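Now for the letters of each chain:
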Amino acid sequence: MAPKHTDDEEVSLFPRLRATLVEREPSLLARLEALEADHDRADAAHAELGELGRRWLADDGLDSRTYRRFANLLAGLRGTYRRHIRIEDEEVFPAAGRLLPAAALDAVGREMADRRGSLTCSQRKAQQAAAG
Ligand SMILES: [Fe+2]
């Protein structure tokens, strides 16, 4: 999966959320594990797709068996992403908003912004306010 996305979740969000879920919503712990497994599965699929894509370009095509593998990997990724995004949007992110204190959410946001070399929403608003 996208490295920044994976770090946003596996380095910044999930450790903070996991500590809270253990006490308050242990049923969601399995969802975090499923998302982490999706990240690993998607990474492997992306790596193989990259290799097959390079072969496609170098050889100006793929044999039918390799093409089917390429198409199956894409279809698998589509399914993984659909399920993954649904779990994030409908279960994990709402739980984070409900269960994590504002300071923890701010820290997650700062770490995400740092990965992208950008500002958080609150940093941007403060900067705009300071500018007048
Ligand atoms: Fe994710």
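Further up the page is the structure itself.
Source: prediction; values computed, not measured.

### Considerations on the environment of R98
Working step 1: With respect to the secondary-structure elements, R98 resides in helix 3 (residues 64-99).
Working step 2: Residues R98 and R31, 67 residues apart in the sequence, show an inter-C-alpha distance of 16 Å.

### Some remarks on helix 4 (residues 102-116)
Working step 1: Its 15 residues place the ends of helix 4 21 Å apart at the C-alpha level, agreeing with the 21 Å of an ideal helix rising 1.5 Å per residue.
Working step 2: Positive phi shows up at G117, right after helix 4, with a value of about 65°.

### Some words on the nonpolar core
Working step 1: The biggest cluster of nonpolar side chains holds 10 residues, and these are L13, F14, L17, L21, L28, L32, L35, V92, A96 and V108.
Working step 2: Sorting the residues of this core by element identifies helix 1 (3-24), helix 2 (29-59) and helix 3 as the ones contributing at least two each.
Working step 3: Beyond its immediate stretch of four places on either side in the chain, L13 contacts D8, A96 and V108.

### Things to note about the packing of helix 1 against helix 3
Working step 1: One way to put it is that helix 1 packs onto helix 3 with a least axis distance of 10 Å and a crossing angle of 75°. Taken together, the axes of helix 1 and helix 3 are roughly perpendicular relative to one another. For the pair helix 1 and helix 3, the contacting residues are L13, L17, T20 and R24 in the first and A95, A96 and L99 in the second.

### Quick word on helix 3
Along an α-helix, a turn takes 3.6 residues, which lines up residues three or four apart on a common side.
Working step 1: The end-to-end C-alpha distance of helix 3, which contains 36 residues, comes to 50 Å, matching closely the 52 Å that a straight helix rising 1.5 Å per residue would cover.
Working step 2: At E88, helix 3 shows its strongest bend, of approximately 40°.
Working step 3: Considered for burial, the residues of helix 3 that qualify are H84, V92 and A96.
Working step 4: Where the residues of helix 3 are buried, they touch helix 1 and helix 2.

Criteria and thresholds
- Residues numbered from 1 in each chain as written.
- Predicted model: local features only at pLDDT ≥ 70, side-chain atom pairs only at ≥ 80, totals over all residues.
- Helix = DSSP H or I, 4+ residues; strand = E, 2+ residues; numbered from the N terminus.
- Expected span 1.5 Å × (residues − 1).
- Core = buried A, V, L, I, M, F, W, Y, C linked by C-beta atoms within 7 Å.
- Buried ≥ 20, exposed ≤ 12 C-beta atoms within 10 Å, placed from the backbone.
- Contact = placed C-beta atoms within 7 Å.
- Axes fitted to C-alpha atoms, helices over the stretch in contact; angles between N-to-C directions.
- Parallel < 35°, antiparallel > 145°, perpendicular 65-115°, else oblique.
- Bend = angle between axes of the 7 residues up to and from the residue.

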